[in-house]
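Here is what each chain is made of, one letter per residue.
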Amino acid sequence: MEIRSMTIEDYDEIFSMWQITSKRALTGADSKENIEKYLLRNEGMSQVAVENGRIVGTVLAGHDGRRGFIHHMAVLPEYRRKHIGHKLAVEAIRKIAADGIEKTHIFCYQDNLTGQNFWTSLGFEKRGDLFVYSIKG
Ligand SMILES: CC(C)(COP(=O)(O)OP(=O)(O)OC[C@H]1O[C@@H](n2cnc3c(N)ncnc32)[C@H](O)[C@@H]1OP(=O)(O)O)[C@@H](O)C(=O)NCCC(=O)NCCS
């Protein structure tokens with residue numbers, strides 16, 4: 001299994017993978033055009049896991065110059081519990097930290113217990129003192 005930086009040429013494969021792993025989190029922000037902009041803004045930070053030529057895991061990673069953010073952390077169901085997600089997340093955090101960013105945040109649905117266990121296992125602290133507020137426009 002290889003971990004390497006995501007490129008826009010991976011888009012069709014990762015987008016079909018996200019239909020299986022991450023459907024609820026997919027939005028217009030995940031169009032090919034937007035992902036291309038994201039990868040350019042955060043060069044080399046997003047990662048894919050490749051097994052026998054097939055992309056089996058993804059993580060989008062970037063920062064705003066102040067804090068890091070991770071999105072679309074996902075592993076195909078038949079490849080789970082082999083620490084592929086762990087390796088992808090560690091690499092994403094390493095790349096963000098290498099840019100001088102000292103803290104990285106993730107968003108996790110409250111009913112996603114697998115996600116919560118996963119982030120806790122990596123040492124992420126669940127914040128009880130914050131709500132996420134969002135606005136369109
Ligand atoms: C979350 C996800 C990426 C984890 O990927 P993975 O490769 O299976 O995770 P890992 O094998 O690296 O697991 C690392 C640790 O996380 C925890 N963990 C992972 N999956 C777990 C589960 N189903 N139940 C309990 N703990 C779990 C364990 O502590 C595990 O270590 P262990 O196997 O030695 O006990 C994967 O389940 C997934 O794609 N889920 C759907 C998308 C999603 O919910 N992403 C997170 C969004 S916030």
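The model shown is predicted, which means the values in this text are computed figures rather than measured ones. (Residues numbered from 1 in each chain as written. Predicted model: local features only at pLDDT ≥ 70, side-chain atom pairs only at ≥ 80, totals over all residues.)

Before we move on, can you summarise the overall build of the protein chain with the specific residues and values?
For the protein chain, the count of helices and strands is four helices and five strands. The helix and strand sequence of the protein chain, counted from the amino end, reads β-α-α-β-β-β-α-β-α. In terms of overall dimensions, the protein chain is globule-like: its C-alpha atoms have a radius of gyration of 14 Å, near the 14 Å expected for 137 residues. In terms of overall dimensions, the protein chain has a C-alpha envelope of 45 × 30 × 30 Å along the principal axes. Within the protein chain, the fraction of its 137 residues that count as buried is 23%. By sequence separation, contacts in the protein chain at least 24 residues apart represent 60% of the contacts at least 6 residues apart. (Helix = DSSP H or I, 4+ residues; strand = E, 2+ residues; numbered from the N terminus. Rg over C-alpha atoms; globule rule 2.2 N^0.38 Å. Buried ≥ 20, exposed ≤ 12 C-beta atoms within 10 Å, placed from the backbone. Contact = placed C-beta atoms within 7 Å.)

Provide a residue-level description of the site of the ligand, including the pertinent values.
The ligand sits among 20 residues. The nearest are Arg 80, Gly 85, His 86, Gly 115 and Ser 121. Looking at the shell around the ligand, the elements that each hand over two or more residues are strand E4 (68-75), helix H3 (84-98) and helix H4 (113-121). Broken down by element, the residue count for the shell around the ligand peaks at five residues, all from H4. Split into classes, the residues belonging to the shell around the ligand amount to seven nonpolar, 10 polar and three charged. (Near = placed C-beta within 6 Å. Nonpolar A, V, L, I, M, F, W, Y, C, P; charged D, E, K, R; others polar.)

Now, about the environment of Tyr 79: what can you tell me, with residues and values included?
Within the fold, Tyr 79 resides in the loop between E4 and H3. With 15 C-beta atoms counted inside 10 Å, the residue Tyr 79 sits in the partly exposed group. A sequence separation of 28 residues divides Tyr 79 from Glu 51, and the C-alpha atoms of the two residues are 9.4 Å apart. When sequence neighbours within four positions are dropped, the list of residues in contact with Tyr 79 reads Glu 51, Val 56, Gly 57 and Ile 84.

Lay out the nonpolar core with the relevant residues and their values.
One broad rule of soluble globular proteins: the nonpolar side chains tend to lie buried together. Residues Val 59, Ala 61, Ile 70, Met 73, Leu 88, Ala 89 and Ala 92 are the most contacted members of the largest nonpolar core, which totals 21 residues. For this core, the elements supplying multiple residues, two or more each, are helix H1 (11-21), helix H2 (32-41), strand E2 (47-51), strand E3 (54-63), E4 and H3. Here this core gets five residues from one element, more than from any other, and that element is H3. (Core = buried A, V, L, I, M, F, W, Y, C linked by C-beta atoms within 7 Å.)

Describe the environment of Glu 36, and please don't skip the residues or the numbers.
Summarising the element assignment, Glu 36 is placed in helix H2. Taking the C-alpha atoms as reference, Glu 36 lies 8.1 Å from Thr 7; in sequence the two are 29 residues apart.

Give me the lowdown on the sheet that holds strand E5 (residues 104-106), citing residues and values where you can.
The five strands are arranged E1-E2-E3-E4-E5 in an open sheet whose pairing can be described as mixed. Two strands in the sheet have a free side with no partner beyond their single neighbour: strand E1 (2-5) and E5. When the angles between neighbouring strand axes are averaged without regard to direction, this sheet yields 25°. In the sheet, E3 pairs with E4 via six bridges, with the strands oriented antiparallel. Bridge pairing links Leu 60 to His 71 in E4. The strands touched by H3 within the sheet are E1, E2, E3, E4 and E5, with E3 carrying the most contacts at an inclination of about 30°. (Pairing = 2+ DSSP bridges. Axes fitted to C-alpha atoms, helices over the stretch in contact; angles between N-to-C directions.)

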